[in-house]
Amino acid sequence: MAIGQKLRLRASHVTFSIVFSVWLYAVYNALNIDKLAKWFYGKDGLDFTALSAYLLAGLGIFVAFFILLAHRWTIKPLATLLVVVSAAATYFISKYNVAIDSSMIRNTVYTDPTEVGQLLSPQMIPYVLLLIILPAVVIWSVDITFRAKGRYLYASLKLFSVALFVAIVALYLNYTAIHRAGNVSNKYIVYSLVPINLISGTLSVVSSSTKPFLKSLKKDVEITGQVSSLDNLVVVLAVGESSRRRNFSVYGYRRQNTNPTLRKIRGLHFLNGIATRGTTLYALPEILEKKNVKLPAIVSKLGIPTSCYVNFTLYDNCVLPGETKVSKCGHGGKCYDEDVIPLLEDNLKSYVSGYRFVVLHLGGGSHGPAYADRYPSEFQKFKPMCNDADIANECTIDQLYNSYDNTILYVDYVLGEIIKKLDGARVPYVFIYLSDHGESLMEDGRMFHGMPPGVPLPPEQAEVPLIVKSSVPISIIERPTYHQQDVFDTVLDLFAIQTTMFDTNGSFIKRRKVQRDDVASPPQPHRSSLR
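My aim in this report is to walk through the structure given alongside it, one point at a time. This is a predicted model, so every value here is computed, not measured.

Points about the environment of D231
Examined against the element boundaries, D231 turns out to sit in the loop between strand 5 (226-227) and strand 6 (233-240). Taking the relative accessible area as the measure of exposure, D231 reaches 36% and is therefore partly exposed. Considering only alpha carbons, one finds D231 and Y355, 124 residues apart in sequence, at a separation of 6.5 Å. Excluding its chain neighbours within four sequence positions, the residues that come into contact with D231 are G354, Y355 and R511.

Shown next as structure tokens:
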């Protein structure tokens, strides 16, 4: 007995957490490192610095996660569970090259015994023996010591803080290269990193499963306000995707004519929009939300007919009145942004008088990396194009710009068609278009869109088009730039909505009383101002 006790391993809970996390992370990922590393290759070979930073960041996140849950009665069961699921994930990534994401986690939960039996194979035996049974025996043989409650919690907090700090620094210092690999791989670098893929996938499933319950507990914000004066006006707000201002010919882009349609339309106002968030999930609320109140919700609740027509979802920004997704698309069943137009057209047919609000989400827009997927083949005007997701290594700058410029050419067409339908319907309208954010096309090595929290968007991502067209007399308050939140204020102002919930000082479109000159002379393409 005395000899057995001498041979038994002993470690503090902090030491065990570090050694276990490093061992599991290193061994299990080493078996499939080639599948991860291939996304970090560039023209000059493997970007070892970026790959190392990414792996270090993942390790830091894993250590922080483990120590957060490593307590006296949970540390060994948690370690054992992680060994089992990590070994399974490693095997299936190796054998089937699968991506372990939230959908895979959800499928696993609902897998029946028959399906499990079909997945069993003699090839699993080494994984079970060496990556499950042997590590589990070692884990349960270790005598893990804990200090007094206050001291052990303080030690855990220190390790958590250091691990998280290391992860954040590693990501920030190599953000551009890691972001590129994530986009090119379609997030496969996350879905193949054990056990980060399992942790993130599980958290995602739990979050989506509990969201309906949490929403039922959340009290709706009481919307107060009134429409102070009635009038006839249809406001159409079109929100684009990843379309940067600097590639619009109407804003001075000279490489090629990306706006043949908009150039011919009279009465357009081309304003300098500014985005602050680089991902659609967080950029849309900058346009459609203020103080936790959604723009479609407040307009709808105050009695104005409101509709949201989308190619890609607006997430939860149009829960009230609800969004209508495009269907019966005309390109062999494949949907593009133009497919929202028939929905708009049907809406306009029923208009007689009063106020009406329509939100269009042109969610295809200019989103990469497969830019050619965002427009029909007839808009592949600028060639040669880039058809590879690995833009940095497989495409020239000319190919990249041609592919992206074709998206702007298609945006130009869609906007022109929307305006044509509005003019043809002969309704009094104000049309507003802006993009949720721009796009980086290898400026300083940056690609696509999105920046780490706390880092401002670079100019090519922040500068977005803001285009206004009206069939009624308006004035535009002249400013050097217009922030996305100003659109929220402008829509409320156009509908004469008065509320004490928030001010509308950002409004930049003012309706003018109809004068004889306004009727006689159609508006000219200039930027008007109100002083």
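Description of the sheet that holds strand 18 (residues 482-483)
Taken in spatial order, the eight strands of this open sheet run 11-10-12-6-13-16-7-18, and their pairing is mixed. Single-partner strands in this sheet number two, and they are strand 11 (323-325) and strand 18. Examined bridge by bridge, strand 10 (residues 306-310) and strand 12 (residues 355-361) share five bridges and lie parallel to one another. In the strand pairing of strand 12, Y309 is matched with L360. Packing against the sheet, helix 13 (residues 280-288) makes contact with strand 6, strand 12 and strand 13 (429-435), and its axis sits at approximately 160° to strand 6. In the packing of helix 17 (residues 397-425) onto the sheet, the strands contacted are strand 6, strand 7 (268-274), strand 12, strand 13 and strand 16 (463-470), and the crossing angle to strand 13 comes to about 165°.

Digging into unusual backbone geometry
Geometrically, the link from V194 to P195 is a cis peptide bond, its omega value of -5° lying close to zero. Secondary-structure assignment places P195 in the loop between helix 11 (188-191) and helix 12 (196-217). Cis geometry is adopted by the peptide bond preceding P369, which originates at G368 and carries an omega value of 5°. When you line up the elements, P369 lands in the loop between strand 12 and helix 16 (391-394). Even without being a glycine, S242 presents a positive backbone phi close to 65°. Mapped onto the fold, S242 is located in the loop between strand 6 and strand 7.

Some points on helix 15 (residues 341-349)
Within the sequence span of helix 15, burial applies to I341, L344, N347 and L348. One face of helix 15 carries all of its buried residues, which in axial projection span an arc of 120°. Where the residues of helix 15 are buried, they touch strand 6, strand 10, strand 12 and helix 17.

Details of the side chain of H361
Position of H361 among the secondary structure elements: in strand 12. Engagement of the side chain of H361 in a polar contact is seen with the backbone oxygen of F312, the distance being 2.6 Å. The residues contacting H361, other than those within four sequence positions of it, are V239, L284, Y309, V310, N311, F312, T313, L314 and V340.

A look at helix 2 (residues 13-30)
Given 3.6 residues to a turn, an α-helix orients residues that are three or four positions apart in the same direction. Between its first and last C-alpha atoms helix 2 spans 25 Å; for 18 residues at 1.5 Å apiece the expected length is 26 Å, and the two agree. Inspection of helix 2 places H13, V14, F16, S17, F20, S21, L24, Y25, Y28 and N29 among the buried residues, and these make up the whole buried set. Seen along its axis, helix 2 keeps its buried residues to an arc of 160°; they face one direction.

The rules behind each value
- Numbering of residues starts from 1 in every chain and runs along the sequence as written.
- Two thresholds apply to this predicted model, a pLDDT of at least 70 for residue-level local features and 80 or more for giving and counting side-chain atom pairs, whereas whole-chain, interface and lining totals are computed over all residues.
- Hydrogens and waters are ignored; side-chain quantities use all the structure's heavy atoms.
- Working definition: helices are DSSP H or I runs of at least four residues, strands are E runs of at least two. Numbering for both runs from the N terminus.
- Note on classification: 1.4 Å probe, protein chains only; a residue is buried when its accessible area is under 20% of the maximum for its type, exposed when over 50%, partly exposed between these limits.
- Only heavy atoms matter for contacts: two residues are in contact if any of them lie within 4.5 Å across the pair.
- Strands qualify as paired when DSSP identifies two bridges or more between them.
- Lines fitted to the C-alpha atoms define the axes, with helices restricted to the stretch that makes contact. Angles between their N-to-C directions range from 0 to 180 degrees.
- The arc in question is the one traced by the directions running from the helix axis out to the C-beta atoms.
- Any N or O atom pair separated by 3.5 Å or less is treated as a polar contact, with the protein-specific requirement of one donor-capable and one acceptor-capable atom, and with residues adjacent in sequence counted only for side-chain atom pairs.
- A helix is expected to reach a length of 1.5 Å times the quantity of its residues less one.

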